Amino acid sequence: MKILFLNGPNLNLLGQRQPDIYGKTTLAEIEERVRSRAKELGAAVDFRQSNHEGELVTWIQQAKGQFDAIVLNPAGYTYTSVAMRDAISAVELPAIEIHLSNVHAREEFRKNTIIAAVCCGQISGFGAESYILGLHAALSIKLK
Ligand code: DQA
């Protein structure tokens, strides 16, 4: 089982970016935790971050035939990226939307994800643990 983790804009700043909302864990530390848990579970992961919508779209397109599932934190693109949504629909891979913060308990606009509808489900509000839950969700989908 190969899982592609994608991270959208500003997530490279985790650890220093609004730690009261996003926590103090860096993206590199989250990646390390995901890799370690994936190893225990016998899964392979690729973990990427980009501030560029087109790069994220290209990575989603290239995932077809290379990965079994995508776990993505689209960050700010959650609310704007029709292109990422269309790419997820196009590749027909199971996708799981994850967020560190509980997007439903914040500003109104953060509830309006346009990505979630083309995902199997959404995990939101568990901090860095959302990534581990995303990993488990990806693995359980394949066992269905
Ligand atoms: C986020 C939530 C989004 O609303 C925000 O734009 C982010 C991070 C999260 O992980 O909590 O950049 O996706």
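About the thresholds
- Residues numbered from 1 in each chain as written.
- Predicted model: local features only at pLDDT ≥ 70, side-chain atom pairs only at ≥ 80, totals over all residues.
- Heavy atoms only, no water.
- Near = heavy atom within 4 Å.
- Polar contact = N/O pair within 3.5 Å; in protein donor to acceptor, adjacent residues only side chain to side chain.
- Nonpolar A, V, L, I, M, F, W, Y, C, P; charged D, E, K, R; others polar.
- Helix = DSSP H or I, 4+ residues; strand = E, 2+ residues; numbered from the N terminus.
- Contact = heavy atoms within 4.5 Å.
- Salt bridge = Lys/Arg side-chain N within 4 Å of Asp/Glu carboxyl O.
- Buried < 20%, exposed > 50% of the residue type's maximum accessible area, 1.4 Å probe, protein only.
- Right-handed = clockwise from strand over helix to strand, strands pointing away.
- Pairing = 2+ DSSP bridges.

## Some remarks on the site of the ligand
Inference 1: R17, Y22, N73, A75, G76, Y79, H99, L100, S101, V103, R106 and R110 make up every residue found near the ligand.
Inference 2: Take G76: an N or O atom from its main chain is 3.4 Å from an oxygen atom of the ligand.
Inference 3: In this structure, an oxygen atom belonging to the ligand sits 2.7 Å away from a side-chain N or O atom of R110.
Inference 4: Along the lines of polarity and charge, the residues of the shell around the ligand split into 5 nonpolar, 4 polar and 3 charged.

## Digging into the side chain of T25
Inference 1: You can see T25 is positioned in the loop between α1 (19-22) and α2 (27-41).
Inference 2: Residue contacts for T25: discarding those within four places in its chain leaves L14, G15, I30, R33 and A128.

## Side note on the pattern of salt bridges
Inference 1: Evaluation of the coordinates by the stated rule reveals 6 salt bridges.
Inference 2: Salt-bridge contacts for E31 lead to R35; the nearest nitrogen and oxygen are separated by 3.0 Å. Residue E31 and its partner R35 are located together in helix α2, separated by 4 residues, close to a single helical turn.
Inference 3: R48 serves as the salt-bridge partner of D46, at 3.0 Å between the closest nitrogen and oxygen.
Inference 4: D46 gets classed as partly exposed once you look at its relative accessible area, which sits at 25%.
Inference 5: Several salt bridges converge on common partners, so that one network encompasses R106, E107 and R110.

## Comments concerning the pairing of strand β4 (residues 95-99)
Inference 1: Of all 5 residues making up β4, 5 are buried, and the element is well covered by its neighbours.
Inference 2: Side chains A95, E97 and H99 project from β4 onto one buried face, and the interleaved I96 and I98 project onto a second face that is buried too.
Inference 3: Handedness of the crossover joining strand β3 (residues 69-73) and β4 through helix α4 (residues 82-91): right-handed.
Inference 4: In the sheet, β4 pairs with strand β5 (residues 121-124) via 4 bridges, with the strands oriented parallel. Each bridged residue has a counterpart across the sheet, and for I96 the counterpart in β5 is G121.

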